[in-house]
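If you want the building blocks of each chain, they are given just below.
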Amino acid sequence: MSGLFSMTRRSLLAAAALLAVAGTAQAAEPVRIGFSMAKTGLFAQAAPSQMNAYELWRDQVNAAGGLDVAGEKRPVEFVVYDDQSNPANAVRIYEKLITQDKVDLLFAPWGTPFHLAIAPVLERYKFPVVGNTAASVQLRNVKPGYIWFTTSAIPDQMGPALAKLAKQSGVKTAAVLTNALPFSQEVKSFLLPALEKEGIEVVVREDYPPDIKDMTAILSSVKQAAPDAVLALTYPADSFLFANQAKELGIAAPFVFSLIGPTIAAYQQVLGASANNIVTEAHWSPHQSDWPKAKPFYDAYVAKFNEAPDALDSVLPYMSAEILQQAVAKVGLDREKLRNEIASDTFETINGPVKFDGVQNVVTPTAYVQIQDGEIQLIWPDSIKTADFRPKTSW
Amino acid sequence: MDQLLSGQLLFAALVTGSFYAIVALGLNLIYGTLRLLNVAHGDLVMIGAYTAFWLLSLVGLPPVFALPVAAGLCGAFGWLVYRGLLRKLLSNPQLAQRVEANSLILFYGLSVILQNAAALAFTASARGYRYLDEVHHLGAVAMTGNRLLLLGVAVGLCLAFWLFLRFHLFGWGLRAIIERREAARVVGVNVDRVQAITVCAGFAIAGLAGVLVSMTEQITPFMGFPFTITAFVVIILGGLGNVTAGIAAGLILGFVETYGMALTSASFRSVLIYGLFVGALLLRPQGLFGKAVRGA
C-alpha cells in the first residue's frame, strides 16, 4: 500500500519537475560523457586521482555555463560504471556506453591494459577517445585512428633520458632495483643499455616481487656497494617501503629515483621531509610559468580535494578532457569531425601545447621531476625545467 | 656473508616474523575454536588501519593510543557478528555440520561488504601518516621507531597469549574446545561464552595489527586481502587451531623469507614462502608442529 502511494507521489513529483523544466524555456540538453572506472579491485586506489580530475573539469565547465558544443553551451553529465579493475569488463562497458546508453562522448579508463583493451571497440564503433593514464611501448602497436595517448612517459624514451639526467648530475655508479611488474621491467630494459652508453656502472642489480614486505636484504647490499645513484623502478605500494627502509638504513646516494609513487599525495603525508629531493617520473609541474593553466589547475584541485593533484594520474586525465573540450568547441559532437580535429590540431593544456602524430603526443618532452621542499619541480629536460637537480643529502 | 650475520637482517626478520605471527593469531583462534574460515580477517586489519588514520587526522590522537581503540572497535564488531550471524550457524546441528563451507561464504560476503563500505565512506585514495619515523641506532643496527613499536607490541601480544593459554583457566577452556569440543562441553566449559569471547579477541587482534601496519604502509580499502592469505599460510604451516605453533610458524616464515631473500634474490620471495608451505604440506600435512590425528 505504502509502496503504491510513494510511487504515485514520485510520479507526481516527476511530472511537476518536467513541467518546471519545460517552463524554464528550452534548457539545453546535457552532453553525456561515459567511461569506466576501477572503483573496486586491484587498481581502485589509483582511480580517485583520475576521477577527481574528471569531476573538477566537469564542475568547472558547468560553472562556466556548460560545454561549448560548436557554439552552443550544454551542461555536462557523467555516465560511470565500475570495471572492477578488469579490462574485460571495461570492454563490455564501453560497448554498452556506445550502443545502449548512447553517450555523446567518452573519457578514458585508468591504466595501460584498459586503454589497450578498449582500442578495438573504439575502432569498431568509430568512436574517438583521448587516452591518458597509459604508458608503454606497446601503445605504438595500436592502430592509429580513434585513440590517442597523451603521456610522453614512454619507456624507450625514459631510459635514455634518465641515464643522461643521472650522468649530468655526476653519477658514475648506480644500483638498479626493479619491481617485477611490466612497466618497471619495460623501463629497465631500456635503462640498462642507456646507463652503459653513458658510462655509468651498475653495481647492484636486483628484481623484486610486487608484494615484497621487507627490503632490508636488497638495501643492505646497496648500502655496502655505496653507489652514486639508487634507481628504484617502483610501483606505488613498494615506493613507500623503499623510501622508509632506505631511510632506516641511511642510504647515502645523492641521486635517488623512485619510478611511480612519489607523486601520490599520500607519499608526502607518510614520508614528510624524507621525500625531499627524490626524483620521479612525471612531465608536469604547477611551477612551469610557460603553461599558464598549470597553476590555476593546481589551486582549483587543492581547493576542491584538499590534497595536491597527482602529477601523472590527475594531470593526464585533466589534459585529455581539455583536448576533447577544445575539439568539441570547434567541430561539435560529430565523431568523424572530432576524430579529424583531434588528430590534426594543436591543443592548449595545463601541460602546455599537445599535438598528436599517429597515437602519440609529439610536443611534450620526456621529463623528470624532483620533490623539492614538498613541491614538484621539473628538473629535466632544460627546455621545460623549473629548477635544478638537488643532491639528496639527508632522509 | 657479513650481511647474513648482521643485526640489521635479524631485526628485519624479527619484525616481519612477529607481524606474521600476530596477523595469523586472530585467525587461528577463530578457526581453532569455531572451525570458521574467516576470509574477512585481512579486512579487519584494514579497519584497524583506518581507525588509526582517522583518529590521528580528526582528533590528533597518537596511533599508539589508537591500539586499544581499534582493538575495542573490532572486538565489538566481532561480538555483533557472533551474536548476529555465527551463533545460529553453530547452534543448529545441521548447519554446524557444514560450518566450514558455510562460514567461508558468509565471511566472503562480509569481506566484500567491508571493503566496499570502506571505499564508499573513505574513497579508495591511499592514505598515510607519519608517526615515530625517526631512526634509532643500536650498535650497527638502524631501527625506525614505528618498526620497533611493531616488534614490541607483537612480541608482547604473542607472549601474553602463550601465557594466557598455558596458565589461565579461560585459556584451558579454550584449548579444551580446540582439542575436544564435545568433551569440553561435558566437563562444563561454557562453549557459547568461550566462542563469543574468542571471536571478539580474534577480531580485536586483527584490528591491533592494522594499527601497527598503518604506521609503515599506505592505507586503502583493499589492503586486507594479502594479510588474509599470509595468515592462512601461517596457520596451515603451524597446524590449524594450534595457537602457539601458529606463532612459531609466523616467526619461521619471517626468517625464511628474510634470510632466503638475502641468500638468493628478492625475486624468489614467493618461491620461498610457498615452497616452505607446499613442502610442509607434503611432509607434514598436519602442520609443522601438529600432531597427526590417530584413528580418525
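A brief report on the enclosed structure follows.

## So, the overall build of chain B
Reasoning step 1: For chain B, the helix and strand inventory stands at 13 helices and two strands.
Reasoning step 2: For 296 residues, the compact-globule estimate of 2.2 N^0.38 gives 19 Å, and chain B sits close to it at 19 Å.
Reasoning step 3: A total of 296 residues make up chain B; the buried ones form 51% of that total.
Reasoning step 4: Within chain B, contacts between residues separated by at least 24 positions form 76% of all contacts whose residues are at least 6 apart in sequence.

## Some remarks on the packing of helix α3 (residues 41–59) of chain B against helix α11 (residues 225–238) of chain B
All names here are of chain B.
Reasoning step 1: Viewed as axis vectors pointing N to C, α3 and α11 meet at an angle of 130°, and their least axial separation amounts to 7 Å. Classified by the interaxial angle, the pair formed by α3 and α11 is oblique. Judged by the twist between their axes, the crossing of α3 over α11 is right-handed. Here H41, G42 and V45 of α3 lie close against α11, whose contacting residues are F225, P226, F227, T228 and A231.
Reasoning step 2: Partitioned by chemical class, the residues of the contact of α3 with α11 number five nonpolar, three polar and no charged.

## What about the interface of chain B and chain A?
Reasoning step 1: The interface of chain B with chain A comprises 34 residues on the first partner and 33 residues on the second.
Reasoning step 2: Of all the secondary structure elements, the ones that give two or more residues to the side of chain B that touches chain A are α2 (7–34), α6 (99–122), β2 (141–144), α12 (243–263) and α13 (269–283) of chain B.
Reasoning step 3: With four residues, α2(B) is the largest single contributor of residues to the side of chain B that touches chain A.
Reasoning step 4: A breakdown of the residues in the side of chain B that touches chain A according to their chemical character gives 14 nonpolar, 16 polar and four charged.

What counts, and where the lines are drawn
Along each chain, numbering runs from 1 in the same order as the chain's sequence is written. Each chain is given a letter, starting from A, and each ligand a number, starting from 1, according to the order in which they appear as written. Residues qualify for local features only when their pLDDT is at least 70, as the model is predicted, and side-chain atom pairs are given and counted only at 80 or more; totals for whole chains, interfaces and linings, by contrast, use all residues. The secondary structure listing takes helices from DSSP runs of H or I that are at least 4 residues long and strands from runs of E that are at least 2 residues long, numbered from the N terminus. Atoms counted for the radius of gyration: C-alpha only. Globule rule: 2.2 Å times the number of residues to the power 0.38. Residues with at least 20 other C-beta atoms within 10 Å of their own are called buried, those with 12 or fewer are called exposed, and the rest are partly exposed. The C-beta atoms themselves are positioned from the backbone. In this description, a residue-residue contact is defined by the distance between C-beta atoms placed from the backbone, which must lie within 7 Å. Where helices are involved, their axes are fitted lines through C-alpha atoms of the stretch in contact, as for all axes, and angles between N-to-C directions lie from 0 to 180°. With respect to orientation, any angle under 35 degrees is reported as roughly parallel, any angle over 145 as roughly antiparallel, any angle of 65 to 115 as roughly perpendicular, and every other angle as oblique. What makes a crossing left-handed is the near helix being turned counterclockwise from the far one by less than a right angle; a clockwise turn instead makes it right-handed. For this classification, Asp, Glu, Lys and Arg are treated as charged, while Ala, Val, Leu, Ile, Met, Phe, Trp, Tyr, Cys and Pro are nonpolar and the rest, including Gly, are polar.

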